[in-house]
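# Chains, contacts and geometry: an overview
As a plain string of letters, each chain reads:
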Amino acid sequence: MLEDVISSSYRRRRFVMARERLTPGPEHPITVAPADGRVVVRAGDAVVADTVSALILREAHYPPVVYLPLSDVDSSMLRESATTTYCPFKGEANYYDLVVDGGVLPDALWVYRDPYDAVATIGGHVAFYPDRVQIDTGVARAG
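Attention in this report is confined to the structure presented alongside it.

This part takes up the nonpolar core. Ranked by internal contacts, the top residues of the largest apolar core, which has 23 residues, are Val41, Val48, Leu68, Val73, Leu98, Leu109 and Phe128. Residues contacting Val73, with those up to four places away along its chain left out, are Val48, Ala49, Leu78, Val126 and Phe128.

We now examine the environment of Thr23. Tracing the sequence through the fold places Thr23 in the loop between α1 (2-17) and β1 (30-34). Here Thr23 falls in the exposed class, since its relative accessible area comes to 68%. In this structure the C-alpha to C-alpha distance between Thr23 and Tyr116, which are 93 residues apart in sequence, comes to 8.8 Å.

So, on to the pattern of salt bridges. Under the criterion given, the structure shown has 7 salt bridges. Linking Arg42 and Asp136 is a salt bridge whose minimum nitrogen-to-oxygen distance equals 2.8 Å. Placement of Arg42 in strand β2 (residues 38-43) and of Asp136 in strand β10 (residues 134-139) is noted, with a sequence separation of 94 residues between them. Among the residues examined, Arg42 registers a relative accessible area of 28% and is labelled partly exposed. Put simply, Arg79 and Asp97 hold a salt bridge, and the shortest N to O gap is 3.1 Å.

Before going further, it helps to spend a moment on the environment of Arg58. Inspection of the secondary structure assignment puts Arg58 in strand β4 (residues 55-59). Under the relative-accessibility criterion, Arg58 is labelled partly exposed at 43%. Considered as a pair, Arg58 and Thr31 are 27 residues apart in the sequence and their alpha carbons are 5.3 Å apart. Once residues lying within four places of it in the same chain are set aside, the contact partners of Arg58 are Pro29, Ile30, Thr31 and Pro64.

Thresholds applied
- For every chain, the first residue of the written sequence is number 1, and numbering continues from 1 onward in sequence order.
- Owing to the predicted nature of the model, reporting of local features is limited to residues with pLDDT of at least 70; listing and counting of side-chain atom pairs is limited to 80 or more, with chain, interface and lining totals taken over all residues.
- In computing side-chain values, all of the structure's heavy atoms are included and hydrogens and water are not.
- Nonpolar core, defined: a set of buried Ala, Val, Leu, Ile, Met, Phe, Trp, Tyr and Cys residues in which side-chain atoms within 4.5 Å join the residues together.
- Here's how the labels work: a residue is buried when its accessible area is under 20% of the maximum for its type, exposed when over 50%, partly exposed in between, all with a 1.4 Å probe on protein chains only.
- Only heavy atoms matter for contacts: two residues are in contact if any of them lie within 4.5 Å across the pair.
- Only DSSP runs of H or I covering at least 4 residues are called helices, and only runs of E covering at least 2 are called strands; the numbering of each starts at the N terminus.
- Throughout this description, the term salt bridge denotes a Lys or Arg side-chain nitrogen within 4 Å of a carboxyl oxygen of Asp or Glu.

The values reported here are purely geometric and, on their own, carry no functional implication.
This is how it looks when you write it as structure tokens:
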């Protein structure tokens, strides 16, 4: 029994250590730049996030991804998930469920808590799946 636990732990560590780490370049470019204007994220009628400090990550042929400061997200709507994924260019992503109006949107957003150097500026920022929330960019401030 103990041997199984030790063996399982060793296999997990070997898996983590075996992760490939890649650097963006001409064949797989990644850029991060400030977004223009205000970004508001909604789930139904609820405002989940509102910021003027968003970043846009553009990676190779993928659609651009909006990253918002975690501090500009309503933390009362977040529940940490057990889900993690790995990107060889960015690192390990941790996920949050979004709790809105008594319902749960599982793994609706993710964060790279310790992103690789090439994308270090997305540290402390989260990204939402656009099919689970409404992301409005360039929203004018009421005033």
